[in-house]
Structure formats: C-alpha cells, structure tokens
Amino acid sequence: MANRLKSILTDFFQQADLVLLALCCVSTLYGIVLIFSATQYMENGRWLRYVGVQGAAMVIGVCAYIFMSMLDLENVMKRWKWLVLFNIVFIGLLMTPLGVGHSTGNVAWLKFPGIPFQIGPAEVVKISFTLLLAKQLEWLREEKRDLKSFRSALMAAGHTLLLMGWYVIISKDMGNALTFFFIFLCMAFAAGFALRWFALLFAGIGGAVAALLLLDLVPKSMEYMVNRFRILFDHSLDPLGVGWQQNRSLLAIGSGGVFGQGYMNGTQSQNRESTNLPKRWTDFIFSVCGEELGLIGCFLIILLLAALIFRVLLVAYQSQSHFHSYVCVGMAAMLVYQTIINIGMCLFIMPTIGVTLPFFSYGGSSIVTLYTSMGVVSNIKKRTLSMERRGRSML
C-alpha cells in the first residue's frame, strides 16, 4: 500500500501541472488572509470557524486535485449516462429536507449531517456538466461531422437549457444557472458553431426579456431580480434597498485608494454592524481587499486569477484531443464568468446575483469544487505529455 501511494505521488509530481496547483494555493491563502480580516468584527471568536473551514477545504481541495490528476477521464466518460443521472438527482436533492433556503427565497444549498459547510449542487454539477458537454461537442464534430447545422446547435443548447431550467425551477438561483449558460457559449464557440446560431440565440433571449418587461409579465417572485439589473442604470433607484450592498461596496473600494487603509484597519471591513458592508467574507471579499489593501491588493487578485485562466487555456491549446480542449475551455469559462460577475458586482457595474470570487471568497464547497475542476485540467496536461512522449518514442 505504501509503495502504491509512493508511486502515485511520484507520478503526480513528475507529470501533473504543479504550476496550476501553486497558483490555486497562493490564491486560496491570499483569500484566507482577507477572510481573517473580514470576519474580525464577529464576537465570541466566530471568525475562527470561517478561517478553519476555508483552510480545511483547501487541504481537501489539494487531495481532490491530486485524485483528479490521476483519474482516467476516458473510462469515466464511457459511463456518461451515470453523469447525466447524477446531475439530475444531485440538483433534485434541493427539494428534500437537505435543501437549505435563504432570505431571498433561493434554495441553492445542501446541508449534510456531519459536514461543517453547506454544499452547492451547482458548484459540483458544473464539473460533470462541462465533461458531458465536451463529450457531446466531440461526438457532434467527429462522429456526425456536423457543427454548423441548426440541429447540432439545438442539441447542445437544449442540453444546457434543460439543465438550467431544472436548476432554476428548484433553486430560484439565477446567478449560478447563468454559469452553465456562459460555459456553453464559450465551449460552443471554441468548437466552431456557426455565428448565426449565437446571433439567433441572443436575439431570442433579448426579445423574450423585452416582451416580459414591456407587457409587464414579470412574475412577482422575480421582480427583485429585475430591479437588480435596473439599478445598474440608475444607482439612485433604491439606495437603501436593492442598491445598499453595492453602494457600500463602492464606498469601501473608493476609500482604499492606491495603497489601502491598512490590513485589518478598514472603516467598513472592521465595523461591528454586519449590514455596514454585507457579505464581506463571501460575495464582497474584493471590496474588503480594495478598502484595506487598495488598488495594489486588488490588482494582485486580478493578476492571480488571470494567470490561472491563462494556464488553463494554455493546456487547452496544447491538448491533442478535441474533448480535452473543450473541457479546459469550459473550466476557464467558469473562472472567467465568476471573476467578471463578482468584481463587476463589487464595482456596481454587474447585478448582485450571489456569485463568489474564485479561490478568494469564503465557501468550503466552492473551494473543493474549484480544486477538483483544476485537477481535471491537470489530468489533461498529464495526458498530453504522455501522448507526446509516446509519439517521440515511436519516431
């Protein structure tokens, strides 16, 4: 057993993407430093729980990264029907007593007994969805040799929209549902779908949204979501309600200047009133960084995330398999979407839809999922190297 473990670790350190793992770890540690500061206002040492859970999630995440780096993806995809069933059932668990709701009406988390953090099904399903969509795109390209037709576009889009619909109906969480849509767009574009189908898709969505607004057909339960978009164009629309979080966030970032107010010295970040800067350790961790570490600290976050995304896309470019390339593009799309939405949300140029900043925001299931997804990329990098070595040995 010990020799087997030693062999696995040796293989991992020789072939896995250690640069990608290092970027993940540095980003997470930076995030823990920010979470430590953002939770200091809490009484009775409650901050220790948040830092502890994030640290434990990082350790589990590194183990998941190693495991996914060693996994045989081809064998997993031979059982793709089980992945489809997993996606349906795991999201469906939100309808059971395990589902946890929030004040907004979203039921987007699962609470399993004995696990110190809640698990977001959308976080986990992003990985299996990306693998399935990549397999579907490869099949359409290589087996059907058909990526330009309406039928192919409909099949891939239908897969995505059905999963999104299932998730939104159950959870009412539009923010994470849109992640699936963005992943689909990026992967479909990378696969070479005809641009006319993208134009048709956006025209259809735009027309449907416009009709709902003009005809006043927006359901009462979704009005708060519409207002989150409206306030982007008029910050004075509801400054003490819908716009409160983002107004406070913008004030925090602006007051930090270039170098910030100093670590653990932010006026809002250290305020005892939790409403002063809401969700400061999750959705608005970027605002904490802006206030306490200034433009320099924020630039470092962006630099680390940009390096991660570039690394994933580099693996996609170097891959010798369409399936592997599509998977990497999907994983990069997930990081790009969350980064743009979260930072844009903090800067009041994107709606508040509960999307966390990858590797930096607090969230045990989010951290483990991110490391798992990057482990898949490392797996692809490892297989690309193996294929290149086999190719050289045959010459």
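Since the model is a prediction, treat every value here as computed from it, not as a measurement. (Residues numbered from 1 in each chain as written. Predicted model: local features only at pLDDT ≥ 70, side-chain atom pairs only at ≥ 80, totals over all residues. Heavy atoms only, no water.)

Undergrad: Honestly, the pattern of salt bridges in this entry has me stumped. Any pointers?
TA: Pairing between side chains becomes possible if they bear opposite charge and their charged atoms approach one another. Tallied over the entire structure, the rule returns five salt bridges. Here Glu-138 makes a salt bridge to Lys-135, at a shortest N to O gap of 3.4 Å. Placement of the pair is Glu-138 and Lys-135 together in helix H6 (residues 121-142), with a separation of three residues, close to one helical turn. The buried category is assigned to Glu-138, whose relative accessible area is 13%. For Lys-135, a relative accessible area of 33% translates into the label partly exposed. One network of salt bridges, in which partners are shared, links Asp-72, Glu-74 and Arg-383. (Salt bridge = Lys/Arg side-chain N within 4 Å of Asp/Glu carboxyl O. Helix = DSSP H or I, 4+ residues; strand = E, 2+ residues; numbered from the N terminus. Buried < 20%, exposed > 50% of the residue type's maximum accessible area, 1.4 Å probe, protein only.)

Undergrad: Is there a simple way to think about the packing of H6 against helix H13 (residues 322-346) in this case?
TA: A pair of packed helices can be characterised by two numbers: the angle between their axes and the separation between those axes. Contact geometry of H6 with H13 gives a least axis separation of 8 Å together with a crossing angle of 140°. Here H13 runs oblique to H6, going by the angle between their axes. Our pair here, H6 against H13, has a crossing hand that is right-handed. Each of Glu-123, Lys-126, Ile-127, Thr-130, Leu-131, Ala-134, Lys-135, Leu-137, Glu-138, Arg-141 and Glu-142 in H6 lies in contact with H13, whose residues at this interface are His-322, Phe-323, Tyr-326, Val-327, Gly-330, Met-331, Met-334 and Gln-338. (Axes fitted to C-alpha atoms, helices over the stretch in contact; angles between N-to-C directions. Parallel < 35°, antiparallel > 145°, perpendicular 65-115°, else oblique. Left-handed = near helix turned anticlockwise from the far one by under 90°. Contact = heavy atoms within 4.5 Å.)

Undergrad: For this particular structure, what's the right way to read the packing of aromatic side chains?
TA: Geometrically, a pair of aromatic rings is defined through the distance of the ring centres and the angle of the planes. The final tally for this structure, using the stated rule, is 13 aromatic pairs. Relative to Phe-360, the ring of Tyr-30 lies with its centre 5.5 Å away and its plane at 80°, an arrangement referred to as edge-to-face. Placement of the pair is Tyr-30 in helix H2 (residues 18-38) and Phe-360 in the loop between H13 and helix H14 (364-394), with a sequence separation of 330 residues. With respect to burial, Tyr-30 and Phe-360 carry one shared label: buried. Through pairs of rings, three or more aromatic residues link up here, namely Tyr-41, Tyr-50, Trp-281 and Tyr-362. Against the face of Phe-323 rests Lys-135, its NZ or CZ located 5.6 Å from the ring centre. Across from the ring centre of Tyr-41, 4.0 Å away, lies the NZ or CZ of Arg-280, which sits over that ring. (Phe/Tyr/Trp six-rings, centres within 6.5 Å; stacked < 30°, edge-to-face > 60°. Lys NZ or Arg CZ within 6 Å of the ring centre and 35° of its normal.)

Undergrad: Teacher, can you tell me more about the environment of Phe-36 here?
TA: Of note, Phe-36 is situated in helix H2. Separated by 14 residues in the primary sequence, Phe-36 and Tyr-50 have C-alpha atoms spaced 7.9 Å apart. Apart from residues lying up to four places away in sequence, Phe-36 is in contact with Trp-47, Val-51, Tyr-263 and Met-264.

Undergrad: Teacher, can you tell me more about the side chain of Asn-379 here?
TA: By secondary structure assignment, the location of Asn-379 is in helix H14. Within polar-contact distance, the side chain of Asn-379 engages the side chain of Arg-383 at 2.9 Å. The residues contacting Asn-379, other than those within four sequence positions of it, are Met-68, Ser-69, Met-70, Leu-71 and Leu-73. (Polar contact = N/O pair within 3.5 Å; in protein donor to acceptor, adjacent residues only side chain to side chain.)

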